[in-house]
Amino acid sequence: MENVLIVGAGPVGLMLACELGLAGARPIVLEKRTEPSELPRANGLGGQIIDFLDHRGLLERFSAGSPFAGRAPGFPFGSVPLRFAGLDDMPLQLLLIQQPRIERLLAERAAELGVEIRRGYEVRSLAQDAEGVTLNDSLRARYVVGCDGGHSLIRGLAGIGFPGTTGDEPLRLGHFRTDVNVFESPQFDGLEQGWTRTPHGRLLLTSLHHGVLVAGVREKGEPPEGPTTIEDFRAAVRRVVGRDLELGEPIWLSSTVSQARLAERYRAGRVFLAGDAAHLFPAGGSALNVGMTDAANLGWKLAAVLRGRASEGLLDTYESERRPVAERALLQTRAQAAIDRVEGEDGAALRELLTEVFSFEQPLRHLAGLLQDSGVRYGPARGPHEAPDAVAHPLVGRFAPDLALSDGRRLAELMRRGRPVLLDLGGGPVLDDDWIDVVRTRADDPPADALLIRPDGYVAWAGKDGLAEAAQEWFGLIASRA
């Protein structure tokens, strides 16, 4: 019997495979496509996942050749621009990288870690019992994780509902190869870089890579049936802006309808959901961040249970921690979609006023943190096994800050092996276990005497007292002394 079968070799499934492989598990990734997709369904990463890639030593690989990597100079919140110029400590990070490259890099890393990817394997059936899960009446594992997208077959076979709403404005999207700077071409006079609104819909024109124009057309109506053709795309442009545009040679074309959906549960027995299989957001900027950090959360927990380090109960914390994150992302992306959807003078007034409000530092920081996921806090605001009125250290349940240590390292460098880390910054309590990396060092203005950091980068404990209890709470079969 295999230990984990991951269905879907997109960014989320491959990220999960890497995490399990790093922890010593040997998952198998099942993908119905015979070859990796070359469709740039996403054009970048943003948010907490960039910090996590840094923790795993992958950020340099992902950033190589990127036209932009770093603190975001701005970001569209719906159709209202957020401008971060002058705020050097703005939390939101961006990395421009197309999805095919993300998948290639993660597949390479998975191969380095001994992960098997079986392409051309289509799941048709699922059955589970107390000991494991069987796919297609033949392939068996202790656990199965559905990372197979918004139309997830695994979700359906596991009997998990996916309530939500579907938009009424199909989006046709295309990438076009062109040598012309369309933003200086007379044929594009009167059109904005970004979204242009007309009484008949909206047109998107932007460029994320030299020589490639990204164009999108959004209009009310039924979604097109079958593959999007260049004739369909040109006709939609003509309906929205009233004239033909020479966009260049099409690289790829697609159409979609926005959806706002959240799985009723993330776990059904030995079956889990992650990424788009668990949640769909109606506006951009959050899907990969939330999906890939789902994988970061679930990976170490599955590995701990498989290795006998923790009880099955640890796996229940996957839903209790990650579903609220998706709820929050759904909230802010619904708001983005609503801001973008309101038309006419009402819409113009709303966007103008919000542009004013979002120019102030406090709301700007709040939205940047929301997009980054830097406000995520797991668990109750108290220590393990403490009285209900006891308050935990402010860092407990939060992603650990990247401290600069006296030995010249950063905290992120201590997380490369994907193991728990006890960071002793000033005579903190002792913990003895061969799974935990204990690092004794110093830092300027340390936030606590010691930090116990989970493999996914979140602080499990901070302070002086209660270390043994926190270690037992999160890491199970640990011989500890405090």
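What counts and how
Residues numbered from 1 in each chain as written. Predicted model: local features only at pLDDT ≥ 70, side-chain atom pairs only at ≥ 80, totals over all residues. Heavy atoms only, no water. Helix = DSSP H or I, 4+ residues; strand = E, 2+ residues; numbered from the N terminus. Rg over C-alpha atoms; globule rule 2.2 N^0.38 Å. Buried < 20%, exposed > 50% of the residue type's maximum accessible area, 1.4 Å probe, protein only. Contact = heavy atoms within 4.5 Å. Arc of directions from axis to C-beta. Pairing = 2+ DSSP bridges. Axes fitted to C-alpha atoms, helices over the stretch in contact; angles between N-to-C directions. Disulfide = S-S within 2.5 Å. Core = buried A, V, L, I, M, F, W, Y, C linked by side-chain atoms within 4.5 Å. Phe/Tyr/Trp six-rings, centres within 6.5 Å; stacked < 30°, edge-to-face > 60°. Lys NZ or Arg CZ within 6 Å of the ring centre and 35° of its normal.

Let us look at the overall build of the protein. The secondary structure content of the protein amounts to 11 helices and 25 strands. Relative to its length of 482 residues, the protein is compact, with a C-alpha radius of gyration of 24 Å against a globular reference of 23 Å. A principal-axis box enclosing the C-alpha atoms of the protein has dimensions of 75 × 55 × 40 Å. Here the protein holds 482 residues, and 54% of them are scored as buried. Intrachain contacts of the protein at a sequence separation of at least 6 include 68% that bridge at least 24 residues.

Here we come to the environment of W300. Mapped onto the secondary structure, W300 falls in helix α7 (residues 287-306). Exposure remark for W300: the relative accessible area of 4% places this residue in the buried category. W300 sits 36 residues away from E264 along the chain, and the two C-alpha atoms are 23 Å apart. If we ignore the near neighbours within four places in the chain, the residues touching W300 are L314, W435, R454, P455, D456, W474 and F475.

Looking now at helix α11 (residues 467-475). The complete set of buried residues in α11 reads L467, A468, A470, A471, W474 and F475. Axial view of α11: buried residues confined to an arc of 160°, hence all on one face. Next to the buried residues of α11 lie α7, α8 (313-341), β22 (421-424), β24 (450-453) and β25 (459-462). Directly after α11, the chain includes G476, whose backbone phi takes a positive value near 65°.

Glancing now at the sheet that holds strand β4 (residues 69-71). Strand order in the open sheet formed by three strands is β3-β7-β4, with antiparallel pairing between adjacent strands. Every other strand in the sheet has two partners, leaving β3 (44-46) and β4 as the edge strands with one partner each. Within this sheet the neighbouring strands show an average axis-to-axis angle of 15°, counted without direction. With three bridges joining them, β4 and strand β7 (residues 93-96) adopt antiparallel strand pairing. What sits directly across from A69, in β7, is L95.

What follows concerns the state of the cysteines. Enumeration over the complete set of coordinates arrives at zero disulfides. Looking at C18, it has no disulfide partner, and the nearest cysteine sulfur is the one in C147, 12 Å off. Classification of C147 by relative accessible area gives buried; the value is 9%.

By size, the foremost hydrophobic cluster in this structure holds 99 residues, and its most contacted members are L45, F62, L135 and L452. Tallying contributions element by element places α7 first for this core, with 12 residues. Here L452 is in contact with V421, L422, L431, I436, Y458, V459, A460, W461, L467, A471 and F475, once residues within four sequence places are set aside. Listed in part, the 19 residues of the second largest apolar core include V421, L451, I453 and A462.

Here the structure, examined in full by the defined rule, presents 10 aromatic pairs. Taken together, a centroid distance of 5.9 Å and an interplanar angle of 85° make the contact between F77 and F358 edge-to-face. Placement of the pair is F77 in strand β5 (residues 74-77) and F358 in the loop between α9 (344-357) and α10 (361-372), with a sequence separation of 281 residues. According to the relative accessible area criterion, F358 is buried, its value standing at 10%. Aromatic ring contacts, followed pair by pair, group Y143, Y266, F272 and Y318 into a single cluster. Seen from the ring of Y143, R270 lies directly overhead, with NZ or CZ sitting 5.0 Å from the centre. Above the face of the W474 ring, R454 is positioned so that its terminal group lies 4.6 Å from the ring centre.

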